[in-house]
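Analysis of the macromolecular model
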Amino acid sequence: DAGITQSPRHKVTETGTPVTLRCHQTENHRYMYWYRQDPGHGLRLIHYSYGVKDTDKGEVSDGYSVSRSKTEDFLLTLESATSSQTSVYFCAISESRQGLYGYTFGSGTRLTVV
Amino acid sequence: KNEVEQSPQNLTAQEGEFITINCSYSVGISALHWLQQHPGGGIVSLFMLSSGKKKHGRLIATINIQEKHSSLHITASHPRDSAVYICAAGGSQGNLIFGKGTKLSVKP
């Protein structure tokens, strides 16, 4: 019944390879976000989207790109994966820019770069 | 200094105890969010506060805008409350700044 799904749930990839993570929502929410979660840090924003083809950088965007060609899908691409990008990645959605109705998070993608 | 600070980092309680988790922030906010992250990793939004107090079941969240401080209280704690509780400050541009979380363990 999840309104937001992430795929894959787990991935192991080699350094230097491109990797794409997918976030899919069925809620028709305008705002979508990609975060990474690392030990000793709070969740940190990578990129976000405020509509189809409208995206912007977050605080840790280097080495990542995103695309949103449809309302329901927000893709995160690691152009050339590095070990420092080993992390758990969460997608989130919200109806309003300020999250006035809260945020819904995906279940996360655990990415390991070897 | 982190813009959002939570305390304590870790908290162990006995079942039935009253629990308080604190969050202080140094940035201007449009709203303060409390989230719960289960041991399996999923994150659930608990509260969004811009003023005053909200209650949902055994959970109570308060915010003091002047003091830039929020608290999350759990009454009659239960082992199923064991999780990481995360405070996040919401800016006017929609960005969230997260605290590092408080890991709560409730023993039976």
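Structure first, text after, so check above.
First, a word on what this report is: a plain description of the structure on this page. Think of each chain on its own: its residues are numbered from 1, step by step along the sequence as written. In the order they appear in the text, chains get letters beginning with A and ligands get numbers beginning with 1. A pLDDT threshold of at least 70 governs which residues receive local features in this predicted model, and a stricter bar of 80 or more applies before side-chain atom pairs are shown or counted, although totals over entire chains, interfaces and linings include all residues. No hydrogens and no water enter the side-chain calculation; it runs on all heavy atoms of the structure.

1. Let's talk about the overall build of chain B
Applied cut-off: Under the DSSP-based scheme used, a helix requires at least four consecutive residues in state H or I and a strand at least two consecutive residues in state E, with every element numbered from the N terminus. Buried, partly exposed and exposed residues are distinguished by accessible area as a fraction of the type maximum, computed with a 1.4 Å probe on protein chains only: under 20%, between the cut-offs, and over 50%, respectively. In this description, contact between two residues means that some pair of their heavy atoms is separated by no more than 4.5 Å. Positive charges are assigned to Lys and Arg, negative charges to Asp and Glu, while His and the chain termini are left out of the count. One atom stands in for each charge, and that atom is NZ of Lys, CZ of Arg, CG of Asp or CD of Glu.
Helices and strands together make up the secondary structure of chain B, namely 0 helices and 11 strands. Each helix (α) and strand (β) of chain B, taken in turn from the N terminus, gives the series β-β-β-β-β-β-β-β-β-β-β. The buried share of chain B, reckoned over its 108 residues, is 44%. Residue pairs at least 24 apart in sequence account for 53% of intrachain contacts in chain B once pairs closer than 6 positions are excluded. Side chains of chain B give 10 positive and 6 negative charges; the mean places of these two sets differ by 4 Å.

2. A word on the environment of Gln-36 of chain B
Residue and element names in this part refer to chain B. Just so we agree on the cut-off: Counted as a polar contact is a pair of N or O atoms within 3.5 Å, where, for protein atoms, one must be capable of donating a hydrogen and the other of accepting one, and residues adjacent in sequence contribute only when both atoms are in side chains.
Mapped onto the fold, Gln-36 is located in strand S4 (residues 31-37). When its relative accessible area of 11% is taken as the criterion, Gln-36 is described as buried. Distance in space between the C-alpha atoms of Gln-36 and Thr-102 is 9.6 Å, their sequence separation being 66 residues. Contacts of Gln-36, omitting those with residues within four sequence positions, involve Gly-42, Ile-43, Val-44, Leu-46, Asp-81, Ala-83, Val-84 and Tyr-85. Here His-38 takes part through its side chain, which lies 3.0 Å from a polar atom of the side chain of Gln-36.

3. Observations regarding the packing of aromatic side chains
In plain terms, the rule: Pairing of aromatic rings covers Phe, Tyr and Trp, the last through its six-membered ring, and needs centres within 6.5 Å; plane angles under 30 degrees mean stacked, over 60 mean edge-to-face, and all others mean tilted.
One pass over the structure, following the stated rule, counts 7 aromatic pairs over all chains. Centre to centre, the rings of Tyr-33 of chain A and Tyr-35 of chain A are 6.1 Å apart; their planes meet at 25°, and the pair counts as stacked. Like Tyr-33 of chain A, the residue Tyr-35 of chain A is buried in the burial classification. Look at Tyr-35 of chain A and Phe-98 of chain B: their rings are 5.1 Å apart centre to centre, the planes differ by 85°, and that puts the pair in the edge-to-face class. One end of the pair, Tyr-35 of chain A, is in strand S4 (residues 31-37); the other, Phe-98 of chain B, is in strand S10 (residues 96-98), on a second chain. Overall, Phe-98 of chain B belongs to the buried group, its relative accessible area being 8%.

4. Looking at the interface of chain A and chain B
Quick reminder of the rule: Simply put, the buried area is the total loss of 1.4 Å probe accessible area from both parts when two parts are fitted together. Each residue is assigned to one of three groups, with Ala, Val, Leu, Ile, Met, Phe, Trp, Tyr, Cys and Pro labelled nonpolar, Asp, Glu, Lys and Arg labelled charged, and all others, Gly among them, labelled polar.
Taken together, the contact pairs 15 residues of chain A with 17 residues of chain B. Interface area lost by chain A to chain B is led by Gln-98, Tyr-103 and Phe-105 of chain A, which between them contribute 33%. Where chain A packs against chain B, one counts 2 residue pairs in polar contact (both at pLDDT 80 or more). Here the side of chain A that touches chain B gets 3 residues from one element, more than from any other, and that element is S4 of chain A. Residue composition of the side of chain A that touches chain B, by class: 7 nonpolar, 7 polar and 1 charged.

5. Regarding the sheet that holds strand S8 (residues 73-78) of chain A
Residue and element names in this part refer to chain A. Stated precisely, the cut-off is as follows: Two strands qualify as a pair provided that DSSP identifies no fewer than 2 bridges between them. Lines fitted to the C-alpha atoms define the axes, with helices restricted to the stretch that makes contact. Angles between their N-to-C directions range from 0 to 180 degrees.
Across the sheet, which stays open at both edges, the 4 strands sit in the order S1-S3-S8-S7 with antiparallel pairing between neighbours. The outermost strands of the open sheet, each flanked by one partner alone, are strand S1 (4-7) and strand S7 (64-70). For this sheet, the mean inter-axis angle between neighbouring strands, taken without regard to orientation, is 20°. Inspection of the sheet shows strand S3 (residues 19-25) paired to S8 by 6 bridges, in the antiparallel sense. Considered in S8, the bridge of Arg-22 is made with Leu-75.

6. A closer look at the sheet that holds strand S3 (residues 19-25) of chain B
Residues and elements named next belong to chain B. Within the open sheet, the 5 strands sit side by side as S1-S3-S8-S7-S6. Their pairing is antiparallel. At either margin of the open sheet sits one strand with a lone partner, and together these are strand S1 (4-7) and strand S6 (52-56). In this sheet, neighbouring strand axes are inclined to one another by 15° on average, regardless of whether the strands run parallel or antiparallel. Pairing geometry for S6 and strand S7 (residues 59-64), over 5 bridges, is antiparallel. Following the sheet pairing, Lys-53 is matched in S7 by Thr-62.

7. Let's talk about the environment of Gly-58 of chain A
You can see Gly-58 of chain A is positioned in the loop between strand S6 (54-57) and S7. In this structure, the C-alpha to C-alpha distance between Gly-58 of chain A and Leu-111 of chain A, residues 53 residues apart in sequence, is 19 Å.

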